[in-house]
Amino acid sequence: MAILDGMRLFFGGLFVIFVPGFAWSYIFFARKNIDWIERIALSFGLSIALIPLSVFWLNWLFNMKINLLNTSLTVCGLIIIAIVYILAKRSSRTKYAANRLKSIFRRSR
Amino acid sequence: MMEKVARIIELSYLELVVIFLILTLLKALNTIVLPINYLLFPVILALLAIPLLLRLKPYEEKRLPFVPIILMVTFMFAFGVRMLPLAGNTIPLGYDPGFYKYAMELYINTLPQIPEAGLADWIKEMYPQGLFVLSDALHILAGTDAMMLIKYFFPFIGALLVFPLFVVASSLFGQRAGIIACVLYAISYTQFNVFTMLYFKNVLGLLFLLLGIHALEKKKDLLMTVMFAAMGIFHRPEFLLFALILIPYFILHRRKGMVLSVVGTAILILPFWIPRWEINMAMLSGVLNTAVTNIQTGEGLGGGTFFSLDIYTKVSLAYLPFAIIGATYLVIKRNLNSILFYFVISSIIVLCQLFFFKRFIILLDISIVILAAVGINYTLLHRSGIWKITGIVAGILLLVSTALPTITLAKDVRPLIREDQLEAVVWIRENAEDNAYVLATSNDAPWVLGWSGRRTIAPGLFEWNIYNKDEWINFFKTKDPEVAKEFLEVYDGPVYIYYSKTFGNYLGLEKFQGDIFRKVYDNGAVVYKYDGDG
């Protein structure tokens, strides 16, 4: 039981005060732009800032109950928003690179 | 000729630095304390450093090896020194644990809702919602309770500050300055005092302030919006300071993104501030009135609870001159960045005793730590030969003389209440009726509030107090049980009277002798019971 509690404390704690900020840090700084020290600092800072902001906003706007399901969904939502943003940015960059390659190829012909 | 004079002054600076640090160390060791004003040294050293700073050429700093290891060691030291007082002791330090425990449990017990409407005014004034909504989330997902957050999360965040501090200092002034700033933070007596007083919101506010400054300098407006809003919902002094930093920064840089960021922040904090609009506005006008009164009269009212500037200059003496040198360097190089504004604004608030000026010492210390790192790095460490050797010796002297009082405090600091005295409060929780009140002195009140689970009556505190200062003084002074009975019979339930037998704590126990009151507990603390009308 104590082991389970310990695991819940560790992983639950990371899930709240590290993971969302870690995902969001990639919105602000791409992988090569900052080192891991800055990434860690941002991950904690962003998570601790974003969780109360989003939970309180959702409670205020939609009278969302602050329970296990809703809080987990809020944290997951924050992580998903970051992932979608990063993927969208990456795909737009890939499209841009592909277009550039095409135009270079056409010019060379 | 001028060159020669400059070189002589530079060498004098070097010698004086060593003499100053030896004297500071001897003072910290209480071995030799000269009958001179030690504060003259920072001024003289800063003046002697000017020729050196004027001749300083821009240089490319190499990336240092072992930075992550040094940072991890610094983090471990900061965390260890904060955990040291908790070894063999279950009671958290400071006066505030009871307040935090009560407020966090209030939020947790009101889940799945936020108890905004039912909160007493003193909670709304003292505690913005951020920390408590975070404690709700941590409770739900990680199973933490209030005591876990107070005892472990708080020192963890305090130690974690080395990372944002490094990020800010190194991105503006290079990695070496970043490392020095982190080490100074870890051994800072002021920052350790913040921990011993359990200024939880303060530490989180500092985290956001540093990351906000980083975002501002990196022109990351969305990140700045989030951090600025976090300051607004966690700790208002940092919010105010950051807002004040933005004014000169905007005048200088005129970035449109900054305006958008401020608008975004206003939107983000809206739901937090709307229910407390009147209280926040009253506090803001109170702050302005205090500032005006203090300027007009010089009385220094509303300083907040922290040590005075006098003590601060003593405990930070070793790195104070280098902070002035760092600030002078930035002015000479016209590097008007946010750290300089931060230093100037917080210095004005503290030195002119405008408002909350004792608590602003905590914020000022962070800017002083960063600027001291700049001063040490540029005037001592970036050159070769005798300079570098002297710089390293000076660095060691500085570290020892700064760390000494901090480690002594970590070793000696004790909770404000003893285990047996807290057990008496727990006894009340387990034995008192649910509708009972507990009367306590303002010394004991936070512990009673946090641990008894009963409504607490204390002078000038909490919503259950209905008496003014004079009425409380009369109650304390009287030895007549009838007067004490009259004082308590207005409450609609039994009243327990808690008194910890601590030096300086006074309640006047004579009035509780006799038939009206019953002594129900006596071990470390004494508890009397007044049954009320029933």
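Cut-offs applied
- Residues numbered from 1 in each chain as written.
- Chains lettered and ligands numbered in written order.
- Predicted model: local features only at pLDDT ≥ 70, side-chain atom pairs only at ≥ 80, totals over all residues.
- Helix = DSSP H or I, 4+ residues; strand = E, 2+ residues; numbered from the N terminus.
- Rg over C-alpha atoms; globule rule 2.2 N^0.38 Å.
- Contact = placed C-beta atoms within 7 Å.
- Core = buried A, V, L, I, M, F, W, Y, C linked by C-beta atoms within 7 Å.
- Buried ≥ 20, exposed ≤ 12 C-beta atoms within 10 Å, placed from the backbone.
- Domains from an automatic or database assignment.
- pLDDT = per-residue confidence, 0-100.
- Axes fitted to C-alpha atoms, helices over the stretch in contact; angles between N-to-C directions.
- Parallel < 35°, antiparallel > 145°, perpendicular 65-115°, else oblique.
- Left-handed = near helix turned anticlockwise from the far one by under 90°.

Caption draft 1: Layout of the overall build of chain B. The secondary structure content of chain B amounts to 24 helices and 5 strands. In terms of overall dimensions, chain B is globule-like: its C-alpha atoms have a radius of gyration of 26 Å, near the 24 Å expected for 534 residues. Viewed in the frame of its principal axes, chain B has a C-alpha envelope of about 95 × 55 × 50 Å. Counting contacts in chain B only where the partners sit at least 6 residues apart, residues at least 24 apart contribute 77% of the total.

Caption draft 2: Structural detail: the nonpolar core. Residues Val162, Phe166, Ala181, Met227, Ala373 and Tyr498 of chain B are the most contacted members of the largest nonpolar core, which totals 204 residues. Among the elements that make up this core, the one with the highest residue count is helix α19 (residues 360-381) of chain B (16 residues). Of the domains in this structure, domain 1 (2-85 + 155-412) and domain 2 (419-530) of chain B are the two that each give at least three residues to this core. With residues near it in sequence (within four places) discarded, Met227 of chain B still touches Gly45 and Ala49 of chain A together with Phe208, Leu211, Gly212 and Ala215 of chain B.

Caption draft 3: Representation of the confidence of the model for chain B. Looking at chain B as a whole, the pLDDT averages 91, with 99% of positions reaching at least 70. Per the prediction output, this complex has pTM 0.93; the corresponding ipTM is 0.90.

Caption draft 4: Structural context of the packing of helix α3 (residues 36-62) of chain A against helix α4 (residues 68-108) of chain A. Residues and elements named next belong to chain A. Two elements in contact, α3 and α4, have axes separated by 10 Å at closest approach and are oriented at 120 degrees. Considered as vectors, α3 and α4 are oriented oblique to each other. Once α3 is placed against α4, the crossing between them reads as right-handed. Along its contact with α3, which presents Leu50, Ile51, Ser54, Val55 and Leu58, the element α4 presents Thr71, Thr74, Val75 and Leu78.

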